[in-house]
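As a plain string of letters, each chain reads:
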Amino acid sequence: MNTYRTIADVRAALEPRRGGTVGLVPTMGALHAGHLSLIEAARAECSTVAMSLFVNPTQFGAAADLETYPRDEARDLAAAADAGVDIVFAPTVTEMYPPGFQTWVDVTELGSILEGEHRPGHFRGVATVCLKLFTIVRPDLVYFGQKDAQQVAVLRRMIADLALEVELRDLPTVRDPDGLALSSRNQRLSTAERELALALPRALATRDPERARELLDGLDVDYVEVAPFDPPVLAAAIHVGSTRLIDNVPIEEAS
Ligand code: AMP
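Criteria and cut-off values
Along each chain, the written sequence defines residue order, and numbers are assigned to residues from 1. Given that this is a predicted model, residues contribute local features only at a pLDDT of at least 70 and side-chain atom pairs are listed and counted only at 80 or more, while totals for whole chains, interfaces and linings are drawn from all residues. Where side-chain values are given, they derive from all heavy atoms of the structure, hydrogens and water being excluded. Note on pairing: two strands pair once DSSP finds at least 2 bridges between them. In this text, helices come from DSSP runs of H or I with a minimum length of four residues, and strands from runs of E with a minimum of two, each type numbered from the N-terminal end. Here an angle of 0 to 180 degrees is reported between the N-to-C directions of two axes, which are lines fitted to C-alpha atoms, with helices fitted over the stretch in contact. For this analysis, residues touch if any pair of their heavy atoms sits within 4.5 Å. Throughout this description, buried means an accessible area under 20% of the type-specific maximum (1.4 Å probe, protein chains only), exposed means over 50%, and partly exposed covers the range between. Note that the arc is defined by the directions from the helix axis to the C-beta atoms. Any residue with an atom within 4 Å of a point lines the site, the site being either a cavity, points on a 1 Å grid over the protein atoms alone where a 1.4 Å probe fits but cannot get out, or a pocket, an open set with protein on both sides within 12 Å along at least 5 of 7 lines. Grid points are joined across faces, edges and corners, and a volume is the space filled by probe spheres set on the points. Three classes are used, and their members are as follows: Ala, Val, Leu, Ile, Met, Phe, Trp, Tyr, Cys and Pro are nonpolar, Asp, Glu, Lys and Arg are charged, and the others, Gly among them, are polar. Classification of ring pairs uses Phe, Tyr and Trp, with its six-membered ring standing for Trp, and accepts pairs whose centres are within 6.5 Å; under 30 degrees between planes counts as stacked, over 60 as edge-to-face, and the remaining range as tilted. Definition used: whenever NZ (Lys) or CZ (Arg) falls within 6 Å of the ring centre and also within 35 degrees of the ring normal, the charge is taken to sit over that ring. Here a residue is near a molecule or strand as soon as one of its heavy atoms is found within 4 Å of it. Under this definition, polar contacts are N or O atom pairs within 3.5 Å; protein pairs additionally need one hydrogen-donor-capable and one acceptor-capable atom, and for neighbouring residues in sequence, both atoms have to be side-chain atoms. For the area figures, the Shrake-Rupley method with a 1.4 Å probe applies, and any residue is considered shielded solely by the protein chains shown.

Q: So, the sheet that holds strand β1 (residues 2–4): which residues are in play, and what are the values?
A: Read from one edge of the open sheet, six strands run β1-β4-β3-β2-β5-β6, paired in parallel fashion. Each edge of the open sheet carries a strand with a single partner, namely β1 and β6 (167–171). Each neighbouring strand pair of the sheet contributes to a mean axis angle of 25 degrees, computed without reference to strand direction. One ladder, built from five bridges, connects strand β5 (residues 141–145) with β6; its direction is parallel. Its bridge partner being in β6, Val142 is matched across the sheet by Leu168. Sitting on the sheet, helix α2 (residues 33–45) is in contact with β2 (22–27), β3 (48–53), β5 and β6, with an inclination near 155 degrees to β5. In the packing of helix α7 (residues 122–137) onto the sheet, the strands contacted are β2, β3, β4 (87–89) and β5, and the crossing angle to β2 comes to about 150 degrees.

Q: Break down helix α1 (residues 7–14) for me, with residues and values.
A: Those residues of α1 that fall on the buried side of the exposure criterion are Ile7, Val10, Ala13 and Leu14. For α1, the buried positions fall inside an angular range of 135 degrees around the axis, keeping them on one side. Seen from the open side of α1, the exposed residues pointing more than 90 degrees away from its buried face are Ala8 and Ala12. Against the buried residues of α1 lie β1, β2, β3, β4, α5 (93–96) and α7.

Q: Tell me about the layout of surface pockets, and please be specific about residues and values.
A: Approximately 360 Å³ is the volume found for the second largest pocket. Contributing to the lining of the second largest pocket are 22 residues, with Gln146, Ala149, Asp170, Asp230 and Pro231 lying nearest its centre. Where the lining of the second largest pocket is concerned, the elements lending two or more residues are α8 (149–161) and β9 (243–250). Take the lining of the second largest pocket: its biggest share by element is six residues, from α8. Looking at side-chain class alone, the lining of the second largest pocket contains twelve nonpolar, three polar and seven charged residues.

Q: An account of the packing of aromatic side chains is needed here, citing residue identities and associated values.
A: Under the criterion given, the structure shown has six aromatic pairs. Residues Tyr97 and Phe101 carry aromatic rings whose centres are separated by 4.9 Å and whose planes lie at 80 degrees to one another, so their mutual orientation is edge-to-face. Here Tyr97 falls in the buried class, since its relative accessible area comes to 13%. By relative accessible area, Phe101 is classed as partly exposed at 25%. Between Phe101 and Trp104, the ring centres sit 5.2 Å apart and the planes meet at 75 degrees, which makes this aromatic pair edge-to-face. Note on Trp104: relative accessible area 32%, which makes it partly exposed. Each member of the aromatic cluster is reached from another via a ring pair, and the members are Phe54, Tyr97, Phe101 and Trp104. Residue placement shows Arg124 over the ring face of Trp104; its charged tip is 4.2 Å from the ring centre.

Q: Pulling in residues and values, what's your account of the sheet that holds strand β8 (residues 233–240)?
A: If you walk across this open sheet you meet the three strands as β7-β8-β9, and the pairing is antiparallel. Two strands lie at the open edges of the sheet, namely β7 (220–227) and β9, each paired on one side alone. Neighbour-to-neighbour, the strand axes of this sheet turn through a mean angle of 10 degrees, independent of strand direction. Taken together, the seven bridges between β7 and β8 define a ladder with antiparallel strand orientation. By the bridge assignment, Ala227 is partnered in β8 with Val233.

Q: Explain empty space enclosed by the protein to me, and be specific about the residues and the numbers.
A: Going through the model one piece at a time under the given rule, you end up with one cavity of 30 Å³ or more. Its boundaries defined by the atoms lining it, the largest cavity holds a volume of some 40 Å³. For the lining of the largest cavity, the element with the highest residue contribution is β9, accounting for three residues. Residue classes in the lining of the largest cavity are distributed as five nonpolar, two polar and two charged.

Q: Tell me what's going on with the environment of Arg124, and back it up with residues and numbers.
A: Mapped onto the secondary structure, Arg124 falls in helix α7. For Arg124 and Thr108, which are 16 residues apart along the polypeptide, the C-alpha to C-alpha distance reads 8.7 Å. Those residues in contact with Arg124, other than ones at most four positions away along the chain, are Trp104, Val105 and Asp106.

Q: Describe the site of the ligand, listing the residues and the values that go with them.
A: Near the ligand there are 17 residues, and of these Met28, His35, Asp148, Val174 and Leu182 occur at the shortest range. Here an oxygen atom of the ligand and a side-chain polar atom of His35 are 2.9 Å apart. Within the backbone of Val174, an N or O atom sits 2.8 Å from a nitrogen atom of the ligand. In isolation the ligand exposes 490 Å². Once the protein is present, 93% of that is buried.

Structural data, given as structure tokens:
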């Protein structure tokens, strides 16, 4: 596995591999089993697996969230190599956003509801960085987690609207045995906060917005809504201490 810091270098490394299928797994690092499930899916159907490792500043609202985002590149590179990644693209912020940068992708409707309403500009940052990563790596397939169901919906829309020649695969949310969806931000939860956070998967498991709202009563809830994605999901965002958590479940799995 080789790691590249510049657009020119990663493009040169990919050039001889273009005869086969190139898969891209975009990440912000702090890799966990959720990320590894995406790499595993890519490994199963691509001759080259590329992973990007870039904490994208333009998708963060609060400066504190960006500053405290967990970063451990050495650990991430070891985990990526173990999982079978061939090529890591880990650019600097200046490489991705050179001085004078001013071009943005805005998925206007899907990007402004739910998460977009509570995190203005978030999906503009996500869509812009993903389009740039897709342009740099030119993958045949890209892999994303349903954990971020709205991100999947926004990116599918962008791919269709801009006629991008890439296919998006979305993979199921990986959870801890207690039900909490794996997230890099879970590292910040104290034991007591983690207990409180378990209300989120329990509430969503009802697959009923009213009952979910009842179960989350007393917590700091941004939204609990049925989201009009394909498939529709019951999605929620809550704050536990200084950590904001999101999760969702497909509605039709209701028993
Ligand atoms: P992030 O590093 O948080 O930007 O996430 C990188 C990718 O991993 C995104 O496509 C996420 O949706 C996906 N992901 C994050 N958490 C999980 C999870 N618990 N299960 C499956 N995929 C996940």
